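# Results of the structural survey
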Protein chains: 2
Amino acid sequence: MKRKGLLLVISGFAGTGKGTIVQELLKKYDNYALSVSATTRDPRPGEENGIHYFFKSREEFQQMIRENALVEYAEYVGNFYGTPRAYVQEQMDAGKDVILEIEIQGALKIKEQFPEALLIFVAPPDARTLEARLTGRGTETAEVIKKRLSRAVEESEFMSRYDYVIVNDDLDICVEQTHHLIQSEHFSTLRSREFIETLQKDLKIFE
Amino acid sequence: MKRKGLLLVISGFAGTGKGTIVQELLKKYDNYALSVSATTRDPRPGEENGIHYFFKSREEFQQMIRENALVEYAEYVGNFYGTPRAYVQEQMDAGKDVILEIEIQGALKIKEQFPEALLIFVAPPDARTLEARLTGRGTETAEVIKKRLSRAVEESEFMSRYDYVIVNDDLDICVEQTHHLIQSEHFSTLRSREFIETLQKDLKIFE
């Protein structure tokens, strides 16, 4: 049975380590592919075109929208962000589980369009741990940290719209759990329709 | 976070090895407990009361029904079979994932009563493999095998009512997949409501 790839959406509050989890999944296992987003925002130092983002002009981005070349897109703090459709489709057809690391707004749009997409939310063990992690980074001002925490409050209202909530307490355990969870989803009846229908049909020789 | 046990239902056609999978899960991992069914049928050679079944008289069984002491029950070829409620509840409260190895009829009743129950169907890789396994046992007459296969045809219509379909091709791989699948389900949002609500509430300190 040829296995088709899953469409995975991974979201989470700032400071929960979802980026690290995604990087570890890509490093440790060979069944994943990361979707690279298109954006109209300017590259930050060290960011490369085609690796971190596809950097597009506003005109180019709007053309992609018109051509239905984006699976989803959203405007966020004045810039557009979107998921190019071609790469996602190619990778899934090749059997890869494609990871989209996107915001909640985009995640819910994906679920509407692709009910079979798997939505995973990365959560901290508790509220104080989240605060400690954001503070511990030492890279953001108190004001930015406050903003991120109050954003987490808003975002937390959408957690139950996801399929799974993974708690990132120990990174290695969390990565392994996430991997097992994703691989298990290949056996859900929702995603096994082809196998079920073939078996039902073939069994009829014994009727 | 104290983990509550899951209610697991494992079904499958005769000859798919579901009994062996259940035995391996119990042997290899310590988080499972097997629910012992009550029945009015006579014990077969080697079957022990309280281990393989709770053997009950028809009167005793009917009293259990009246006292709501059964999670589900069904009549099958003239005998009653049912799942005693007390043991299931105790084990789940103690954090054990309780396995019910029951027929489709009972499985669907469980899902009605406990929407959070996890229904797993064990399938053969294909129809011919199922036939070969039933024939290979060498313990049943051609007539019995024919009956089992035609029963599989009927049962296959209900496969998509289950949550997952596990293919038993290689036993060890199948047991490991089943275990990972079950453990992953602890992270489903449906089964993480308590954690989600606590986190949402605690985050409000940052509002």
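Scroll up to find the structure this text is about.
Residues numbered from 1 in each chain as written. Chains lettered and ligands numbered in written order. Predicted model: local features only at pLDDT ≥ 70, side-chain atom pairs only at ≥ 80, totals over all residues. Heavy atoms only, no water.

## Points about the sheet that holds strand β5 (residues 70-76) of chain B
Residue and element names in this part refer to chain B. Pairing within the open sheet is mixed, and its four strands lie in the order β4-β3-β6-β5. Single-partner strands in this sheet number two, and they are β4 (54-55) and β5. In terms of strand pairing, β5 meets strand β6 (residues 79-84) through six bridges, oriented antiparallel. The residue bridging E72 from the neighbouring strand is T83, located in β6. (Pairing = 2+ DSSP bridges. Helix = DSSP H or I, 4+ residues; strand = E, 2+ residues; numbered from the N terminus.)

## Digging into the relation of the copies chain A and chain B
Between chain A and chain B, which share one sequence, the superposing operator has a rotation angle of 180° and an axial displacement of 0.0 Å; the RMSD is 0.0 Å. Look at the turn and shift together and you get a two-fold axis relating the two. Of every C-alpha in chain A, the one belonging to A:H180 sits nearest the axis of rotation, 3.0 Å from it. A shared binding surface is used by both copies, with 100% of the interface residues of chain A retained as interface residues in chain B. (Least-squares fit on C-alpha atoms with pLDDT ≥ 70 in both. Contact = heavy atoms within 4.5 Å.)

## Digging into helix α5 (residues 127-136) of chain A
Residues of α5(A) that are buried: A:A127, A:L130 and A:L134. Angular distribution of buried residues about the axis of α5(A) spans 60°; they occupy a single face of the element. Turned more than 90 degrees away from the buried face of α5(A), the exposed residues are A:R128 and A:G136. In this structure, the buried side of α5(A) is in contact with α6 (142-156) of chain A together with α8 (193-203) of chain B. A side-chain oxygen of the first residue of α5(A) lies 3.3 Å from the backbone nitrogen of A:R128; this N-cap is A:D126. At the C-terminal side of α5(A), A:G138 shows a positive phi close to 70°. (Buried < 20%, exposed > 50% of the residue type's maximum accessible area, 1.4 Å probe, protein only. Arc of directions from axis to C-beta. Polar contact = N/O pair within 3.5 Å; in protein donor to acceptor, adjacent residues only side chain to side chain.)

## Looking at the nonpolar core
Of all hydrophobic cores here, the largest spans 36 residues; its most connected members are A:L25, A:I182, B:L25 and B:I182. Ignoring anything within four residues of it in the chain, the contact list for A:L25 reads A:I10, A:Y32, A:I99, A:V175, A:T178, A:H179 and A:I182. (Core = buried A, V, L, I, M, F, W, Y, C linked by side-chain atoms within 4.5 Å.)

## Concerning the sheet that holds strand β2 (residues 32-34) of chain B
Across a sheet, paired strands are connected by hydrogen bonds in the backbone, their directions being either parallel or antiparallel. All names here are of chain B. If you trace the five strands from one edge of the open sheet to the other, you get β2-β7-β1-β8-β9, paired in parallel fashion. Edge positions in the sheet fall to β2 and β9 (164-167), since each of these pairs with one other strand and no more. Recorded for the sheet is a direction-independent mean angle of 30° between the axes of neighbouring strands. Here four bridges tie strand β8 (residues 118-123) to β9, and the two strands are oriented parallel to one another. (Axes fitted to C-alpha atoms, helices over the stretch in contact; angles between N-to-C directions.)

## Comments concerning the environment of A:L118
Residues and elements named next belong to chain A. Assignment of secondary structure puts L118 in strand β8 (residues 118-123). Classification of L118 as buried rests on a relative accessible area of 0%. Between the alpha carbons of L118 and V9 there is a distance of 6.1 Å; along the sequence they are 109 residues apart. Leave out the neighbours within four places in its chain, and L118 touches L7, L8, V9, D163, Y164, L181, I182, E185 and R191.

From the geometry alone we can't say anything about function, so treat these as descriptive.
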